[in-house]
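# Structural overview
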Amino acid sequence: MLFRSILIVAIEQGRWGPARLPCALRSAGLSVAALCPKDNALHATDHLDRRLEFPKTRSAKAMGRALADALRAVSPRLVIPADEQVVALFHFFIRTKSRWLSADQRDLLTRSLGPEKRFDAMLMKSKTLSLARQLGVEVPRGDTIQSAVHAIDLASAIGYPVYVKRSFGWSGAGVVK
């Protein structure tokens, strides 16, 4: 078996999808642990072998220490970020060479996320669309705009309706029609 132990990490409230993931992973013969706040839906699933708790504070130091402790306790072969805030947190720890995580722990996060050169495409919509276009994936017409004049010119060229999104955001936050 390639992976024996998996750690799923979640921060955001109201995300029910990650709570369904442990059942599928355990049915595949994997050991599944979760690191998340106690009031997160992932914490409540019956399909975890181990529950670890994020502190209530959102300081990088407290979260880094909690993650480092969880990685030591579980020794996972793969870490799955369950929401965008976790992806952003992992990027921060990797890119800043966080002192709260060992080099081996940062390497594990990098292996779990994929090549660091693709990190921006995970969170920045403009980079996601650019990568998709490079890979030949069909995506809606559009562009990254720098000014209101550019936005009006682009909207005229591609036609209406036009949706405007912030490059960084999730769950529909910042989408305007």
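Note: the structure precedes this text.
Since the structure is predicted, the reported quantities are computational estimates derived from the model, not experimental observations.

## Regarding the sheet that holds strand E3 (residues 50-53)
Here 4 strands make up an open sheet; going across it, the order is E3-E2-E1-E4 and the pairing parallel. Because the sheet does not close on itself, it has two edges, and the strands there are E3 and strand E4 (78-81). On average, each strand axis in the sheet is inclined to that of its neighbour by 20°, with strand direction left out of account. In terms of strand pairing, strand E1 (residues 5-9) meets E4 through 4 bridges, oriented parallel. Within E4, the position partnered with Val 9 by the bridge is Pro 81. The sheet strands contacting helix H1 (residues 17-27) are E1, strand E2 (31-36) and E4, and the helix crosses E1 at an angle near 175°. With respect to the sheet, helix H4 (residues 84-95) is in contact with E1 and E4, its orientation differing from that of E4 by roughly 130°.

## What to know about the environment of Asp 46
Note on placement: Asp 46 falls in the loop between helix H2 (41-44) and E3. For the pair Asp 46 and Pro 22, spaced 24 residues apart in sequence, the C-alpha to C-alpha distance is 8.6 Å. Other than its neighbours up to four places away in sequence, Asp 46 contacts Arg 26 and Arg 51.

## Overview of the nonpolar core
Leu 7, Val 9, Leu 35, Phe 54, Leu 67 and Phe 90 are the most contacted members of the largest nonpolar core, which has 26 residues in total. Broken down by secondary-structure element, the contributors of at least two residues to this core are E1, E2, helix H3 (60-74), H4 and helix H5 (103-113). The element best represented in this core is H3, accounting for 7 residues. Grouped together as the second largest cluster of nonpolar side chains are 13 residues, Ile 6, Val 32, Leu 48 and Leu 78 included.

## A short note on the packing of aromatic side chains
Aromatic ring pairs are defined here through the distance separating the ring centres and the angle between the ring planes. Counted according to the given criterion, the structure contains 2 aromatic pairs. Taking 5.7 Å as the distance between ring centres and 55° as the angle between the ring planes, the aromatic pair formed by Phe 92 and Phe 93 counts as tilted. Judged by its relative accessible area of 37%, Phe 92 is partly exposed. Since its relative accessible area comes to 0%, Phe 93 is described here as buried. A centroid spacing of 6.4 Å and a plane angle of 75° characterise the contact between Phe 93 and Trp 100, whose relative ring orientation is edge-to-face. Comparing Phe 93 with Trp 100 shows no difference in burial state: the two are buried. By the ring-pair criterion, three or more aromatic residues cluster together here, those being Phe 92, Phe 93 and Trp 100.

## A look at the packing of H3 against H5
Between H3 and H5, whose axes approach to 11 Å, the crossing angle comes to 85°. On the basis of their axis angle, the class for H3 and H5 is roughly perpendicular. In contact with Leu 67, Ala 68, Leu 71 and Arg 72 of H3, H5 contributes Gln 105, Leu 108 and Leu 109. Along the lines of polarity and charge, the residues of the contact of H3 with H5 split into 5 nonpolar, 1 polar and 1 charged.

## Section: the environment of Cys 23
Inspection of the secondary structure assignment puts Cys 23 in helix H1. For the pair Cys 23 and His 47, spaced 24 residues apart in sequence, the C-alpha separation works out to 5.2 Å.

## Here we look at the side chain of Asp 83
Position of Asp 83 among the secondary structure elements: in the loop between E4 and H4. Within polar-contact distance, the side chain of Asp 83 engages the backbone nitrogen of Val 86 at 3.0 Å. Contacts of Asp 83, omitting those with residues within four sequence positions, involve Val 9, Ala 10, Ile 11, Glu 12 and Arg 15.

## Comments concerning the pattern of salt bridges
If charged atoms from side chains of opposite charge come close, those side chains can pair. A full pass over the atoms with the stated rule returns 2 salt bridges. Here Arg 26 makes a salt bridge to Asp 49, at a shortest N to O gap of 3.4 Å. Of this pair, Arg 26 sits in helix H1 while Asp 49 is found in the loop between H2 and E3, placing the two residues 23 residues apart along the sequence. Overall, the relative accessible area of 34% leaves Arg 26 in the partly exposed class. Notably, a salt bridge pairs Arg 72 with Asp 69, separated by 2.4 Å at the nearest N-O pair.

Definitions and cut-offs
- Residues numbered from 1 in each chain as written.
- Predicted model: local features only at pLDDT ≥ 70, side-chain atom pairs only at ≥ 80, totals over all residues.
- Heavy atoms only, no water.
- Pairing = 2+ DSSP bridges.
- Helix = DSSP H or I, 4+ residues; strand = E, 2+ residues; numbered from the N terminus.
- Axes fitted to C-alpha atoms, helices over the stretch in contact; angles between N-to-C directions.
- Contact = heavy atoms within 4.5 Å.
- Core = buried A, V, L, I, M, F, W, Y, C linked by side-chain atoms within 4.5 Å.
- Buried < 20%, exposed > 50% of the residue type's maximum accessible area, 1.4 Å probe, protein only.
- Phe/Tyr/Trp six-rings, centres within 6.5 Å; stacked < 30°, edge-to-face > 60°.
- Parallel < 35°, antiparallel > 145°, perpendicular 65-115°, else oblique.
- Nonpolar A, V, L, I, M, F, W, Y, C, P; charged D, E, K, R; others polar.
- Polar contact = N/O pair within 3.5 Å; in protein donor to acceptor, adjacent residues only side chain to side chain.
- Salt bridge = Lys/Arg side-chain N within 4 Å of Asp/Glu carboxyl O.

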